[in-house]
Amino acid sequence: MVAEKEASPMEEDKPASPNGSAEAEKDAAGGPKKDRKPGAEAVKEEDGEEDLSEEDAALREQLELLVERVQDADAGVQKLALDTIRSEIRSATSSMTSVPKPLKFLRPHYGTLKEFFARMPAGDNKVYMADVLSVLAMTMAEDGERECLAFKLQGSRDNPEQWGHEYVRHLCGEIGAEHASLVDAGAESSTESRLEDLARLVDQIVPFLVSSNAEPEAVDLLMEVDALSKLPAHANGDNYERICNYLKSCAAYVPEPDDQAVLSTALQIYRQVSKWPQALGIALRLNDAEAVQSIYSGCPAGAEKLQLAFDLARSSWVLNEDVEKDETLLEVLANRKQTDYFVHLATDLQVMEPKQPEDIYKSHLVDNRSGGVLPAAVDSARTNLAATFVNAFVNAGFRMDKLLNADEEKSWIYGRNKDHGMMSAAASLGMIMMWDVDGALPEIDRFLYHTEEYVKAGMLLAVGVVSSTVRHDVDPALALLSERVTEESAPIRHGSISGLGIAYAGTSNEQVKDVLVPVLLDAEAAGDTAALAALSLGLVFAGTADEDLAGIMVQALSERADAVLSPGDGSDGALLTRLMPLGLGLLFLRTQEAADAVAESLKAFVGEKSVLARVAAIALEACAYAGTGNVLKIQRFLTICGRHPSADAEAAAAADAEAEAAAGSAAAAAAASTTAPSGNVNGTESEGSSGSGAGGVSDNLDGALNSALAGNLGSGAAAEAGSSAMPTTGDSAPAVADTSEGAGAANGTDAPSAADRKKAREEEVAASEAEQAIAVLGLALVAMGEELGTAMTIRAFGHLQQYGDLSVRRAMPLALGLLSISNPDVLLTDTLSKLTHESDPGVYHAAVLGLGLIGAGTNNSRIAGLLRSLSAYFSKDAAALFVVRLAQGLLHTGKGLITLSPYPADSKALCNRVSLGGLVTVLFACLDMKATILGKSHYLLFFLSLAMTPRMVTTVDEDLKPLPVLVRVGQAVDTVGQAGRPKRITGFQTHTTPILLASGERAELATDEYLASASVLEGVVVLTKNPDWVDVENEMKAAVASGASTSSAPKTSTETAAASPAESSGAA
C-alpha cells in the first residue's frame, strides 16, 4: 500500500481545464513548473487533465485496481478489496481539512460501485460495500437523495464515529431530513420500522458528539428527531454548562409549545447536577410555580439557599407561606434588605447628598437666545408639579430630599400645588422613602387624616409606592388601604385602589381580590374607578392566568361594552378604554396560548364590534406573548399598523356625498316634473305652452327621475317615486325638502341617516386608531425579549414612521423607549431627537418621553444635553415643557443607580413580570397623554416604582454583611456554542464591590479567594470562602520574612563547622 502524502487544499481542489491545464501549457512552452513538491517527480496523466505526484498517481492506480477487484466473482477477493478500501478511507477521513484523496480518486467510480451493489447477493460483503458507499455518498451523492443515510442503514451496525467527525455531521443532517419526511408521511408499519432504525443510529451518534465537545450538534440532532428527553442521560458536571446554555439560546427560536420542552430539559439537567440558582432561573422563565417551590425546598441550607432567596426577591416572586420558617430567609424573601444595600451602595459611591430639581435642570447651561424668562424661573402649578416628579425620581429610595423631608410640615405639598397636583406631591413621599416601609409609615400616617382629600389620596398612594416589591409581615398597606376603597371621594378611591395594585403586585393576594372585585363589578362606579380596579387586579395576579378572575374581568368589560373612546373629553374614557383592557392582558402576561380561550370569550360576551372588546383583544394578545419574539404575532401587529382607517373613512364619506348628490339631483328632477301641468318648470312659467308639450316634458322628467332613482336607490324606490310624481303645485316645496329622508329610507324604513353614518364612521376610526396604538406597543412587547427581533422591529418602525397613520406615529416613540429601556442606544437617541421636532404635539410629546425612557437611570450626558436644549425650545409650551421635565427626571432616576429594565443587564432571558407590568401601565396611559399625564391622572407615573430596581452588584457573606471583593466588569460576550473556554466579557475594568452595571455589561469575580453562589453576578451575591484557595502572595512574604530572620540570626558552633568546608571550597 502506498503511503498517503499530505497535499494542500489548493492542490487537491484545483479545477481541471477541459483542454488541458494552463500549467501543462506552460510546461510545454518551457515555462516554470508550479505546485511541485520537493523530491517528487511529476507524473503527467495521459488525458492531460491533472498533474499528480508519483505517490498520488500510485494511490490512484491502486484504488482503481481495488474497484476492479471489488467486482470480482470471488467473494474472498471482494472481501480483501473492500477491507483495503475501508482502511484507506478511514485513515484519510479521521481528521478532514479538505477532500481526502481516496474520496477524490473514487469519485469517477461511484456510479459503477452503486450498480454493482444493486447486483450483489446478500451477505457480509454487501454490508461492507454499503458502508463504503455511505462514506462515498457524503461527497458524491446528489443533493436531497440522502444516499449516505440509505447506505448506512443497509450497512453494518458499527459506530459511525470510526469514519470521522465530518461523516457523522453529514449523517446527522440526513437523519433530520429523513425523520421530518417520515413524520409527514404518517403512521405506517414501514415508517415505524424506519423510525426505529433512525433512533438506533441516533443513540450511537449522540454519545460520540457529546464526548467530542460537539454538544450543540447533539442537541440539534435530538431536537430534530423529537428525542430531547434522552439528553439528560448524557449530561454531567463537565458538559452541563455548554448543553444548557445552548438549550436556553435555542428556546427563543423554537415555536410554542416546543420552547417549553426545551427549557424543561435544561431545568432537568440543572437539577440533576445540583445547580440550584441556574435551575431557579429556568423555573422562573417557565413561570412554573411548582418547580420554583420544589427547587427552593430541595436546595440544602446554606449560601446557595440564601442566594435563591435573593433571586426570588429580585424577581418579585412570592412563595407559599409554609415553605420557609427561618426568620433571616423570610426577611430576604420579602425583599426588606434591599433598602439597606441600596443605601450602602449610594454611600460607597458618595451620592447620598439630596438633589434639587434645579440640579437636574441646570438652567444656567441653557442657551436662552430668545431673551425671555428661563423656564425654571416661571412659578406655576404645572412647573411645581414637574418639580415634584423630578424630585421623586431623582431621590427615589434615598430616604431624603430637599423639597419634602426638609420641611417638617411638608408645605411643598399643599403650599405650592393645587388640587390633583397635591395628590402627586403627597405620593412622591412614598417614592423617596421607597422600600423602607418601617421608616416611611410614621411620616405618611401624619397626613392620612388631613382635611384636604387630595393630600389624603396622595398619602394612600404613597403607602402603596413605599411598599413596592417589598412585603411586610403585618401587611400595613392592606390594613390602611382596603377600608378606603369605598370612600365617596373619587381621588381617595383612586389613590387607595392604585396603592393596593402597586403594593401587592405579583403576590396573588386573595384578600386584595376580595376588596377590588366588588369595585370592578359596581355598575354605578365611574369608568376610571373600574379601570383602576381592573388594572390593580391585573398587577396583583400578573401572569397567573387566573380563570375565575378572567371571567370576572370579561363580565365587567361586557357591562361597559357601550363605552366609546372620547379623546380630549377627560381621563374617564381614556382610562376605561386603555387600562381596563390592560388589566385583563396583565392577568395573562407571558402565558402565550393560555390566553386563547379568553380571547374567544371576549368575542362571544363583549362583542366583536365593541370598542372595549377590540382593544382588549389586542392588549391581551400583546401581553400574552410579551418577550417571546413570536414572529406570527409580530406579523399580525404589523398588519394592523399598516391599515389607514382615516383614509377609509374619508373614502366612505365621499361615497356618501356622491350618493346624496345623486339623490339631490333626482329630487330636483322630481320637483321639476310636479310643476309641469301648471306650466311651472324649475321655477319658471312657460306661457302659451300647449298641453301636449307639457305632457311631453312631464314624461321626460318622469323617465329621468325613475332612471336616477333606479340607479341610486333601487327599483322599489323608483316605482314609489314614479307613482307620486304628479302632486299639486303647492306640494312641490315639501317634496324637495323630504328627498333626503326618502333617499335614506329608499332601501328600508330603518336605514341610518347621514348623521348616523357619520357618527358610526367616527367611532370606527377612533376604535381602529386605539387598536393601532396598542398594536404598536404590542410589537415592542413581543420583540423586546430577543435581540434579532428587536433590531428588525426598530427597522420596521422606520417604515411605519413614514407611511403610518397619525395614531401609529404617536405611539411609535413610546414603543422605541420600551424596546431600549434604560439602554441609551445612539441610533435610537438620534431617531427620537428628530421626532421631538415633529409638528404634531402627540408625536413630539411621546418622543421626549421616549428619550427619558431609553436613558432612564443612566445619567447619559448626550440625552441630558438634548433635553436641556428642548427645555429652551419648548419654553413657551407648558405641556411640552412638563414632559421635558419628566424626561429629565427619568434620565437621572435614583441619581443613576436605578434601572427600569425588566431584564438582567447581560441577557434578555429572564423577564420580571411585575417590572414589565409597571412599565406597560405607564405606556398605555401615555397613549392618550393629553387626557392622562397632562390631565388629572399624572399620578399613574408612580406605577414606574414597580420597575425601579437598583442596577448594582453587592457581594455579601453568609451573615449578610457587605464583603468588598475585586470584580471585572466588561461587555458581555455571547459564547454559546463556541469551542473551548472563551472569555465571557471583553474590554473589562477591575473594580471593588459594590459596583454599577449598565445594560449589556457582565461582571466576574477577579479573585479565587471566594466562590459565588449566583449564576450571574447581579443584585446581591452571596460569597463563600474557597477551600482550595492558597494565599500565595502572603506565603511568599512570610517565606521572605522567615528567610531574612534566619540569615540575620547568629550561627551556632555546629552550623559554623558544617558550613566551613563549603565556604572553604567556595573561597578556593
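Up top is the structure these notes are about.
Enquirer: Help me understand the overall build of the chain in this model?
Expert: Counting its secondary structure elements, the chain contains 49 helices and 13 strands. Here the chain holds 1068 residues, and the buried ones make up 51% of them. For the chain, the accessible area works out to roughly 47300 Å², and carbon and sulfur atoms hold 51% of it.

Enquirer: Mind showing me how you'd approach the packing of helix α15 (residues 289–298) against helix α16 (residues 303–314) here?
Expert: Think of two packed helices as two axes; the pair is described by the angle between the axes and how far apart they sit. Taken N-terminus to C-terminus, the directions of α15 and α16 make an angle of 150 degrees; their axes are 9 Å apart at the nearest point. It follows from the interaxial angle that α15 and α16 lie roughly antiparallel. On the side of α15, the interface is formed by Val 292, Ile 295, Tyr 296 and Ser 297, while α16 contributes Lys 305, Leu 308, Ala 309 and Leu 312. When grouped by side-chain class, the residues that make up the contact of α15 with α16 number 6 nonpolar, 1 polar and 1 charged.

Enquirer: Any chance you could explain the packing of aromatic side chains here in plain terms?
Expert: The relative placement of two aromatic rings is captured by the distance of their centres and the angle of their planes. Under the counting rule described, the total for this entry stands at 11 aromatic pairs. When the ring of Phe 342 is compared with that of Phe 398, the centres are 5.1 Å apart and the planes differ by 70 degrees; the resulting orientation is edge-to-face. Residue Phe 342 is located in helix α18 (residues 338–348), and its partner Phe 398 is located in the loop between α20 (381–394) and α21 (411–415); the two are separated by 56 residues in the primary sequence. Across the pair, Phe 398 and Phe 342 agree in class, each one buried. When the centroid spacing of 4.9 Å and the interplanar angle of 75 degrees are considered together, the rings of Tyr 873 and Phe 874 count as edge-to-face. Owing to a relative accessible area of 52%, Tyr 873 belongs among the exposed residues under this scheme. Grouped by ring-pair contacts, the aromatic residues Phe 389, Phe 393, Phe 882 and Phe 942 constitute a single cluster.

Enquirer: Is there a simple way to explain a nonpolar patch on the surface in this structure?
Expert: Judged by side-chain polarity, Tyr 253, Leu 788 and Met 792 come together as a nonpolar surface patch covering roughly 370 Å² of accessible area. Relative to the helices and strands, Tyr 253 resides in the loop between α12 (240–250) and α13 (258–272). Looking at Tyr 253, the relative accessible area reads 58%, which means it is exposed.

Enquirer: In this structure, what is going on with helix α6 (residues 110–119)? I would like to understand it.
Expert: Owing to its 3.6 residues per turn, the α-helix brings residues three or four apart onto one side. For α6, the complete set of buried residues consists of Tyr 110, Leu 113, Phe 116 and Phe 117. Along the axis of α6, the buried residues cluster in a sector spanning 130 degrees; they form a single face. Seen from the open side of α6, the exposed residues pointing more than 90 degrees away from its buried face are Glu 115, Ala 118 and Arg 119.

Enquirer: What is the right way to look at a negative patch on the surface in this model?
Expert: Together, Asp 326, Glu 327, Asp 438 and Asp 473 give the surface a local cluster of negative charge. Topologically, Asp 438 is positioned in helix α23 (residues 437–445).

Enquirer: Please clarify how the nonpolar core should be interpreted in this entry.
Expert: Most often, soluble globular proteins keep nonpolar side chains buried together rather than apart. If you look at the biggest cluster of nonpolar residues, it comprises 292 residues, and the most contacted ones within it are Leu 136 and Ile 175. In terms of residues, this core owes the most to one element, helix α39 (residues 754–783), which gives 12 residues. Sequence-distant contacts of Leu 136, defined by excluding residues within four places in its chain, comprise Ile 89, Leu 103, Leu 106, Tyr 110 and Leu 113. Grouped together as the second largest cluster of nonpolar side chains are 15 residues, Ala 905, Val 967, Val 969 and Tyr 1010 included.

Enquirer: Just to check I follow, could you spell out the pattern of salt bridges for this structure?
Expert: Oppositely charged side chains can pair when the atoms bearing their charge come close. Evaluation of the coordinates by the stated rule reveals 26 salt bridges. Across the salt bridge formed by Arg 399 and Asp 340, the nearest N and O atoms sit 3.2 Å from each other. Highlighted residues: Arg 399 in the loop between α20 and α21 and Asp 340 in helix α18, separated in sequence by 59 residues. A network of salt bridges, in which partner residues are shared, links Arg 146, Glu 178 and Arg 194.

Enquirer: Even after reading the chapter, I still don't get the side chain of Asp 840, so can you show me in this structure?
Expert: With respect to the element layout, Asp 840 can be found in the loop between α42 (826–835) and α43 (841–854). A distance of 3.0 Å separates the side chain of Asp 840 from the backbone nitrogen of Gly 842, its partner in a polar contact. Excluding anything up to four places from it in sequence, Asp 840 contacts Leu 806 and Arg 810.

Enquirer: I keep staring at the side chain of Gln 772 and nothing clicks. Help me out?
Expert: Inspection of the secondary structure assignment puts Gln 772 in helix α39. If near-sequence neighbours (up to four positions away) are discounted, Gln 772 is found in contact with Ile 640, Cys 641, Arg 643, His 644, Pro 645, Asp 805, Ser 807 and Val 808.

Enquirer: I keep staring at the sheet that holds strand β11 (residues 1001–1005) and nothing clicks. Help me out?
Expert: Remark on secondary structure: sheet strands pair via backbone hydrogen bonds, oriented parallel or antiparallel. Spatially, β9-β8-β11 is the arrangement adopted by the 3 strands of the open sheet, whose pairing is antiparallel. At either end of the open sheet lies a strand with only one pairing partner, and these are β9 (985–992) and β11. On average, each strand axis in the sheet is inclined to that of its neighbour by 30 degrees, with strand direction left out of account. Sheet analysis places strand β8 (residues 966–972) next to β9, joined by 6 bridges and oriented antiparallel. Residue pairing for β9: Val 969 is matched across the bridge by Gln 989.

Analysis parameters
Residues numbered from 1 in each chain as written. Predicted model: local features only at pLDDT ≥ 70, side-chain atom pairs only at ≥ 80, totals over all residues. Heavy atoms only, no water. Helix = DSSP H or I, 4+ residues; strand = E, 2+ residues; numbered from the N terminus. Buried < 20%, exposed > 50% of the residue type's maximum accessible area, 1.4 Å probe, protein only. Areas by Shrake-Rupley, 256 points an atom, 1.4 Å probe, with all protein chains shown as cover. Axes fitted to C-alpha atoms, helices over the stretch in contact; angles between N-to-C directions. Parallel < 35°, antiparallel > 145°, perpendicular 65-115°, else oblique. Contact = heavy atoms within 4.5 Å. Nonpolar A, V, L, I, M, F, W, Y, C, P; charged D, E, K, R; others polar. Phe/Tyr/Trp six-rings, centres within 6.5 Å; stacked < 30°, edge-to-face > 60°. Patch = residues over 30% accessible without salt bridge, like charges linked within 9 Å, V, L, I, M, F, W, Y side chains within 5 Å. Salt bridge = Lys/Arg side-chain N within 4 Å of Asp/Glu carboxyl O. Arc of directions from axis to C-beta. Lys, Arg positive; Asp, Glu negative; His and termini not counted. Charge placed at Lys NZ, Arg CZ, Asp CG, Glu CD. Core = buried A, V, L, I, M, F, W, Y, C linked by side-chain atoms within 4.5 Å. Polar contact = N/O pair within 3.5 Å; in protein donor to acceptor, adjacent residues only side chain to side chain. Pairing = 2+ DSSP bridges.

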